[in-house]
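Spelled out, the chains give:
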Amino acid sequence: MPRYGAERLSGIRCISTQLKLEPPSEPILTAMAIQRLDTLVTLALSGGGFERRGGGATGYVKATYLAHLLPHPETAWTVSPPLSLDVLVNQDFLRLVEGLEEEFRREYVARQVDRDQDQVLIVGLMTDKETPQQFQDGLMELARLVETAGGEVLQTLQQRRPRPHPQTVVGEGKVQEIALTAQTIGATLVVFDRDLSPAQVRNLEGQIGTRVVDRTEVILDIFAQRARSGAGKLQVELAQLEYRLPRLAGRGQAMSRLGGGIGTRGPGETKLETERRAIQRRISRLQQEVNQLQAHRARLRQRRQHQEVPSVAVVGYTNAGKSTLLNVLTNAEVYTADQLFATLDPTTRRLMIPDALTQEPRSILLTDTVGFIHELPPSLVDAFRATLEEVTEADALLHVVDLSHPAWKNQIQSVMTILAEMPIAPGPLLLAFNKIDQVEGDRLAHAQEEYPQAVFISASDRLGLETLRLRLGQLVHYAMSS
């Protein structure tokens, strides 16, 4: 009976034969590692030989190779030099395997100490649609997302293909490499840098033997952790159900239920269909509640508009410093952290700024919104439409950019793309480059030259905030008079 477990070998010893006098090939050794064989013995055959007069045979085997796994992450296996058959048969295999398993147990226990978080292997696929820099920026962002979700990134594997493989995203050889690497480093989760179809997830999990998720699922997990208000939790649940619904298929016989008696003959209704209908009903109820939430927020906005208080929505890429800026400007107490999606729920605070004409203090409403991200999952855009309406209904936008981020230009483009896809065109926009205390002079000068109308600030060091207030006054004046 084969044994299973990260600290055990399978209990199976394999003998293979070949004609060439060379060690077993890497695909064979990879298969040994994936199946966790106790040992692999390869016999290099001579093609001839003879029987001894007293019994037995000789000359049929030129040499032998003995391979087995190693309990060290640096090297997955070891292969002996060519051995004679006499040396091989005198090998104490039981002692060898018991010694290896004892080392694997020690290594396994050492890995489990203080590891209550997912140990993650990231897999990235670079296609012809993206540049090498965009690909590397995406992998760095995915690693931040995994860490924000509470995982620990152990290693990243990459492959370049013209397009994703329809069944497994990456090629067959890379799938084997992923399986071997996950086993060697002790990964408990494999995260791909793109959306996976339900069939791809099933195929990958079947071949890798480890749980597989995509980028969208990581983002949904972060949102589920971050949501604090009832509205936020409502929207997160809606997004998760919309993501889960198409992934119910493919559970096989476990999801079928045949009925019996009058009116239930025939194929009947499967558990899969029952669960799908239950989820669809829940989605309908949640969408009604989100619509009510939209209506409630619309009434609040109308009340503010009757008071003639201009509103400015703070938008920007996730972790650009929007919440920190809101806290500094308005003495709000919005949760902030050097994490992606540190805050989800929109927060509105009153801010006093100088009037563009009279310089007298006037009041505006500043609203912190959920952070944007490259290729925001469609289910999140739909579920958070009530939150994103704060953007479309605001009189003007303050677009905060993290100038210290290597991909700040791409982040600006991602935010502008999402804004352009809004059902209602947002109001005028002021660009504010944040974290200037963390950038070199050349980058700052380049940004000032490329965006001369922007404001340059450091929310954490309170640099440039007076200039920002003045420019907000001008922005609001322009928005209200146009």
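We now turn to the structure provided with this report. (Residues numbered from 1 in each chain as written. Predicted model: local features only at pLDDT ≥ 70, side-chain atom pairs only at ≥ 80, totals over all residues. Heavy atoms only, no water.)

1. A word on the side chain of His 68
No. 1: By secondary structure assignment, the location of His 68 is in strand β5 (residues 61-72).
No. 2: For His 68, a relative accessible area of 11% puts it in the buried group.
No. 3: The residues contacting His 68, other than those within four sequence positions of it, are Met 32, Asp 38, Thr 39, Trp 77, Thr 78, Leu 96 and Leu 100. (Helix = DSSP H or I, 4+ residues; strand = E, 2+ residues; numbered from the N terminus. Buried < 20%, exposed > 50% of the residue type's maximum accessible area, 1.4 Å probe, protein only. Contact = heavy atoms within 4.5 Å.)

2. Concerning the packing of aromatic side chains
Aromatic rings considered in pairs are described by the distance between their centres and by the relative angle of their planes.
No. 1: For the structure on display, the rule yields 4 aromatic pairs.
No. 2: Ring centres of Trp 408 and Tyr 451 lie 6.4 Å apart, and the angle between their planes is 65°; this geometry places the pair in the edge-to-face category. Residue Trp 408 is located in helix α13 (residues 408-420), and its partner Tyr 451 is located in the loop between α14 (441-450) and β16 (455-456); the two are separated by 43 residues in the primary sequence.
No. 3: In this structure Trp 408 comes out as buried when scored by relative accessible area, which is 4%.
No. 4: When the ring of Phe 433 is compared with that of Phe 456, the centres are 5.0 Å apart and the planes differ by 10°; the resulting orientation is stacked. Pair noted here: Phe 433 is in strand β15 (residues 429-434) and Phe 456 is in strand β16, with a separation of 23 residues, a long-range link.
No. 5: Residue classification places Phe 456 among the buried positions, given a relative accessible area of 16%.
No. 6: By the ring-pair criterion, three or more aromatic residues cluster together here, those being Trp 408, Phe 433, Tyr 451 and Phe 456. (Phe/Tyr/Trp six-rings, centres within 6.5 Å; stacked < 30°, edge-to-face > 60°.)

3. What to know about the packing of helix α1 (residues 26-35) against helix α5 (residues 172-185)
No. 1: Following both chains from N to C, one finds α1 and α5 inclined at 45°, their axes separated by 9 Å at the closest point. Between α1 and α5, the interaxial angle falls into the category oblique. When the axes of α1 and α5 are compared, the crossing they make is left-handed. Residues Thr 30, Ala 33 and Ile 34 of α1 form the contact with α5, whose own contacting residues are Gln 176, Ala 179, Leu 180 and Gln 183.
No. 2: Of the residues that constitute the contact of α1 with α5, the class distribution is 4 nonpolar, 3 polar and no charged. (Axes fitted to C-alpha atoms, helices over the stretch in contact; angles between N-to-C directions. Parallel < 35°, antiparallel > 145°, perpendicular 65-115°, else oblique. Left-handed = near helix turned anticlockwise from the far one by under 90°. Nonpolar A, V, L, I, M, F, W, Y, C, P; charged D, E, K, R; others polar.)

4. Examining the pattern of salt bridges
Side-chain pairs of opposite charge can arise where the charged atoms are in close proximity.
No. 1: The final tally for this structure, using the stated rule, is 11 salt bridges.
No. 2: When the shortest N-O distance is used, the salt bridge between Arg 194 and Asp 193 registers 3.4 Å. Residue Arg 194 shares its accessibility class with Asp 193, and that shared class is buried.
No. 3: Here Arg 282 ties to Glu 237 by a salt bridge, and the two come within 2.8 Å at their closest N and O atoms. Here the residue Arg 282 occupies a position in helix α9 (residues 271-306), and Glu 237 occupies one in helix α8 (residues 230-244), the gap between them amounting to 45 residues.
No. 4: In this structure Arg 282 comes out as partly exposed when scored by relative accessible area, which is 26%.
No. 5: Within this structure, Glu 130, Asp 193 and Arg 194 form a network of salt bridges that share partners. (Salt bridge = Lys/Arg side-chain N within 4 Å of Asp/Glu carboxyl O.)

5. Notes on the nonpolar core
No. 1: The biggest cluster of nonpolar side chains holds 32 residues, and the ones touching the most others in it are Ile 122, Leu 145, Val 191, Leu 397 and Leu 419.
No. 2: For this core, the secondary structure elements donating two or more residues are β7 (119-126), α4 (132-148), β9 (189-192), α7 (215-226), β11 (311-316) and α13.
No. 3: Top contributing element to this core by residue count: α4, with 6 residues.
No. 4: Every residue in contact with Leu 397, bar those within four places of it in the chain, is listed here: Val 312, Ala 313, Val 315, Val 391, Leu 419, Pro 426, Gly 427, Pro 428, Leu 429, Leu 430 and Leu 475.
No. 5: Residues Leu 326, Leu 351, Val 400 and Leu 430 belong to the second largest nonpolar core, which totals 25 residues. (Core = buried A, V, L, I, M, F, W, Y, C linked by side-chain atoms within 4.5 Å.)

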